[in-house]
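# Fold and contact review
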Amino acid sequence: MDVLGYGGSNAFPSETFETMRSTDPAIASLPKIHLHCHLEGSLRAETFVDLARHYGLSTRYRPGQAEVPGPTDPAEVYRFSGFPEFLLIFAAVSRALASPDDYARLAREFVADALAQNVVYGELFISPSVWSFFHRELDLAATIRAMVSELRASRAHGVELALIVDVTRNFGAESAMRTARLAASLAGEGVIGIGLGGDEANFPPELFADVFSFARAQGLRTVAHAGEAAGAASVQGAIAIGAERIGHGVRAIEDLSVVALLRERGIALEVSPTSNARTGVVPANAEHPLHQLDASGVRVTIDADDPAIFGTSISQEYALVAERAGMATLQRFIANAADASFLDPEAKAALRGRLGMEPRNPAAKL
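All right, on to the overall build of the protein chain then. If you tally the helices and strands in the protein chain, you get 16 helices and eight strands. Computed over C-alpha atoms, the radius of gyration of the protein chain comes to 19 Å, within 12% of the 21 Å expected from 2.2 N^0.38 for 366 residues, which places it in the range of a compact globule. By principal-axis analysis of the C-alpha atoms, the protein chain measures approximately 50 × 45 × 40 Å. Taken over 366 residues, the protein chain has a buried fraction of 58%. Across the protein chain, every contact between residues at least 6 apart in sequence was considered, and the portion connecting residues at least 24 apart equals 74%. Here the protein chain has roughly 14300 Å² of accessible surface; of this, 51% comes from carbon and sulfur atoms. The centroid of the 32 positive side-chain charges in the protein chain is displaced by 3 Å from the centroid of its 44 negative side-chain charges.

Here it is, written out as structure tokens:
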């Protein structure tokens, strides 16, 4: 259904997301910006298999059950159907990452993959509360520092990569506050903000208002997953507690008053089309709301979410958008990402210059 009267040739049938791939040199050469990428979900399949074998673990995880066998072929380890199974694979990946050295390897391989795709800037999610669920003795601060050390290798290529520490809803507000304090203790050491991830339906944003207030008081930036597993009300709740960007947010389209709120506040959505298709957030054969939101004046950015698990990459997500909407629209979305980043005004202007765009007036409303 074309909710806002914007469909036709630019519509995104969701069944195309998994199958479309591109080696178009125009896409390969484009500068790329990560605003919604989970580092754990970028773990190469081969590395996942290697770590699981090293620790004697299955590549599958079932909470409360005995170890179940999982595939060992890298081509098969990330196969899943539906959101619940995806979450269990993410958990299995987190379980296989068991030491600071493992996380350093994850970061090192991410840098190599990002540079190969011409990524020029990134704000990347990590989920230390999930790490400690599986590895109680893991030194979280030391692990994050090990990752930052590897990520900073990208600076030799003129690329800055920063971390956003996810507070995971499922573990409750007290755990979230502990994670926010961890993030605050690492501010200035590669950590720039907190995110709100996890079970949207059962843990609404309002439960974490105090956590977001604390983070802002510590100088951290704030983002929240919303409008993915839960509807438009979750987007409204995330805005109410001070989220500066919304991860996914595509179900805002279910309430035009929330769409208007996003537009009026200039709050960007971090949209990951393949993720939305593979988790069922966008039903099979339905049009993706990406363009309806864009046509309504909502700022859209494009990313890959958990690229290895979803069998995609930021290059492939850009290719999907270019194929369906044209290169000009894709370039506008990349410009949106630069404007929605948490860089200071001077660095943001430099990033826009690197994209080949005019610096934006710092006084202009974003």
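On to the sheet that holds strand β2 (residues 119–126), then. Spatial strand order, β1-β2-β3-β4-β5-β6-β7-β8: eight strands in an open sheet with parallel pairing. The two strands at the open ends of the sheet, each matched to only one other strand, are β1 (32–38) and β8 (300–302). Between one strand axis and the next, the sheet turns through 25 degrees on average, direction left out of account. Bridging between strand β6 (residues 245–248) and strand β7 (residues 268–271) involves three bridges; their strand directions are parallel. Its bridge partner lying in β7, G247 is registered against E270. Taken strand by strand, helix α6 (residues 140–151) contacts β2, β3 (160–168) and β4 (191–197), and its axis lies near 155 degrees from that of β3. Contacting β5 (221–226) and β6, helix α9 (residues 232–240) runs over the sheet at an angle of about 170 degrees to β5.

Time to look at the confidence of the model for the protein chain. In the predicted model, the protein chain carries a mean pLDDT of 90, and the fraction of residues at 70 or more is 91%. Within the model, the stretch residues 1–22 combines pLDDT values under 50 with 54 contacts to residues more than four positions away or in other chains. Per-residue pLDDT stays below 50 along residues 359–366; that stretch engages in 14 contacts with residues further than four places along the chain or on separate chains.

Turning next to the pairing of β7. The side-chain alternation of β7 yields two buried faces, one formed by A268 and E270 and the other by L269 and V271. Between the parallel pair β6 and β7, the chain is carried across by helix α10 (residues 256–265), and the sense of this crossover is right-handed. Both β7 and β8 contribute to a ladder of three bridges, which runs parallel. Bridge pairing links V271 to I302 in β8.

Quick look at the nonpolar core now. Of all hydrophobic cores here, the largest spans 109 residues; its most connected members are I33 and I246. If one sorts the elements of this core by residue count, helix α3 (residues 83–96) sits on top with eight residues. When residues no more than four places from it in sequence are discounted, the contact partners of I33 are V120, Y121, I302, D303, I314, Y318, I334, A337, A338, L351 and L355.

Position of I246 relative to the elements: it lies in strand β6. By relative accessible area, I246 is classed as buried at 0%. Setting aside chain neighbours within four positions, we find I246 in contact with A224, A226, V235, A238, I239, L262, I267, A268, L269 and E270.

Procedures and definitions
Residues numbered from 1 in each chain as written. Predicted model: local features only at pLDDT ≥ 70, side-chain atom pairs only at ≥ 80, totals over all residues. Heavy atoms only, no water. Helix = DSSP H or I, 4+ residues; strand = E, 2+ residues; numbered from the N terminus. Rg over C-alpha atoms; globule rule 2.2 N^0.38 Å. Buried < 20%, exposed > 50% of the residue type's maximum accessible area, 1.4 Å probe, protein only. Contact = heavy atoms within 4.5 Å. Areas by Shrake-Rupley, 256 points an atom, 1.4 Å probe, with all protein chains shown as cover. Lys, Arg positive; Asp, Glu negative; His and termini not counted. Charge placed at Lys NZ, Arg CZ, Asp CG, Glu CD. Pairing = 2+ DSSP bridges. Axes fitted to C-alpha atoms, helices over the stretch in contact; angles between N-to-C directions. pLDDT = per-residue confidence, 0-100. Right-handed = clockwise from strand over helix to strand, strands pointing away. Core = buried A, V, L, I, M, F, W, Y, C linked by side-chain atoms within 4.5 Å.

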